[in-house]
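# Geometric and topological summary
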Amino acid sequence: MPWAFIVIGVLVQVVVWRLVARDRLPFWPAVTTTFAVLGIGSLLAGDPGCCRETTPATASAVGVSSGLLLFGATRVVVDLSTRHHVISRSVAAVYRREEEMGSVALSVLTLTVVVPGEELFWRGVVLPELSAATSVALGAVLAWAAWVAVDATWGSIPLLAGAVVGGALWTGLATWSGGVAAPVASHLVWTALMLVWPPRAARDKVPS
């Protein structure tokens, strides 16, 4: 069941992300629906677990701290890189998708559906299955590489960069803690801060 679910889940993401990239589907409704289904499916397909190798409090604290650090690093890199017109336009395009749902609905659904669903699938099911089939280290590398490859289908520089860096962090947290509590906490903090305090390139071009 987990492997069939993983294959189907990956293929669904690739197809949906390409349809969104070609403007055949709206970004946020498609992403929200996809990760709602995958999140529920992940809970039914296996046992993502909280934190088998540490305590919930420690996992959550490390997750929150890493999310704050990732946000700080992201803002510095984005503010510097968006001096380049192409990257600035790509960042603005991502944030402009807010118009599809409205900022309040987007924030609520992202933090309650998209982020948990994404982590449950990639770090709660894909990572443990690959680690069990290979080794802890190789499984982590394969899970990270698969996530980056899938996100590359967006054709978006900011989303790919987020997948490379964020994916490495959240995969590492899940591997270290033995569960999804740490990566979920980290991902939630980082995403919430990126929504509340978007980069300058986004603030200048996204309607308020």
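For the structure, check the block above.
For the structure given in this document, a descriptive report is provided here.

About the thresholds
Residues numbered from 1 in each chain as written. Predicted model: local features only at pLDDT ≥ 70, side-chain atom pairs only at ≥ 80, totals over all residues. Heavy atoms only, no water. Helix = DSSP H or I, 4+ residues; strand = E, 2+ residues; numbered from the N terminus. Buried < 20%, exposed > 50% of the residue type's maximum accessible area, 1.4 Å probe, protein only. Contact = heavy atoms within 4.5 Å. Areas by Shrake-Rupley, 256 points an atom, 1.4 Å probe, with all protein chains shown as cover. Lys, Arg positive; Asp, Glu negative; His and termini not counted. Charge placed at Lys NZ, Arg CZ, Asp CG, Glu CD. Patch = residues over 30% accessible without salt bridge, like charges linked within 9 Å, V, L, I, M, F, W, Y side chains within 5 Å. Salt bridge = Lys/Arg side-chain N within 4 Å of Asp/Glu carboxyl O. Axes fitted to C-alpha atoms, helices over the stretch in contact; angles between N-to-C directions. Parallel < 35°, antiparallel > 145°, perpendicular 65-115°, else oblique. Left-handed = near helix turned anticlockwise from the far one by under 90°. Nonpolar A, V, L, I, M, F, W, Y, C, P; charged D, E, K, R; others polar. Core = buried A, V, L, I, M, F, W, Y, C linked by side-chain atoms within 4.5 Å. Expected span 1.5 Å × (residues − 1). Bend = angle between axes of the 7 residues up to and from the residue. Polar contact = N/O pair within 3.5 Å; in protein donor to acceptor, adjacent residues only side chain to side chain.

## Some words on the overall build of the protein
The helix and strand tally for the protein stands at nine helices and zero strands. Counting from the amino terminus, the protein carries its helices and strands in the arrangement α-α-α-α-α-α-α-α-α. The principal-axis extent of the C-alpha atoms belonging to the protein is close to 45 × 35 × 30 Å. In the protein, buried positions account for 45% of the 208 residues. Within the protein, counting contacts between residues at least 6 apart in sequence, those at least 24 apart form 77% of the total. As displayed, the protein offers around 9,900 Å² of accessible surface, 71% of which is attributable to carbon and sulfur atoms. Separation between the mean location of the 13 positive side-chain charges and that of the 12 negative ones in the protein comes to 10 Å.

## Some points on a nonpolar patch on the surface
Together, Leu138, Val141 and Leu142 make up a nonpolar patch on the protein surface, roughly 240 Å² of accessible area in all. Mapping Leu142 onto the fold places it in helix 6 (residues 136-152).

## Looking at the packing of helix 3 (residues 56-81) against helix 7 (residues 157-177)
At a closest axis distance of 11 Å, the pairing of helix 3 and helix 7 adopts a crossing angle of 165 degrees. Here helix 3 is positioned roughly antiparallel relative to helix 7, judged by the angle of their axes. In this structure, helix 3 crosses over helix 7, and the sense of that crossing is right-handed. Residue-level inspection shows Thr58, Ala59, Val62, Ser66 and Leu70 of helix 3 in contact with helix 7, the latter providing Val165, Gly166, Leu169, Trp170, Leu173 and Trp176. Counted by class, the contact of helix 3 with helix 7 contains eight nonpolar, three polar and no charged residues.

## What to know about the nonpolar core
Counting residues in hydrophobic clusters, the biggest one holds 44 residues, and the most contacted among them are Trp17, Val31, Phe35, Trp122 and Val126. Ranked by the residues each element gives to this core, the list is headed by helix 5 (residues 103-133), at eight residues. Each residue touching Val31, except ones within four places of it in the same chain, is listed here: Trp17, Val114 and Trp154.

## Quick word on helix 7
End to end, helix 7 covers 30 Å across 21 residues, agreeing with the expected 30 Å (1.5 Å per residue, within 8%). Approximately 30 degrees is the largest bend angle found in helix 7, and it occurs at Gly166. Residues of helix 7 that are buried make contact with helix 3, helix 5, helix 6 and helix 8 (181-196). Put simply, Ser156 is the residue that caps the front of helix 7, since its side-chain oxygen is 3.4 Å from the backbone nitrogen of Leu159.

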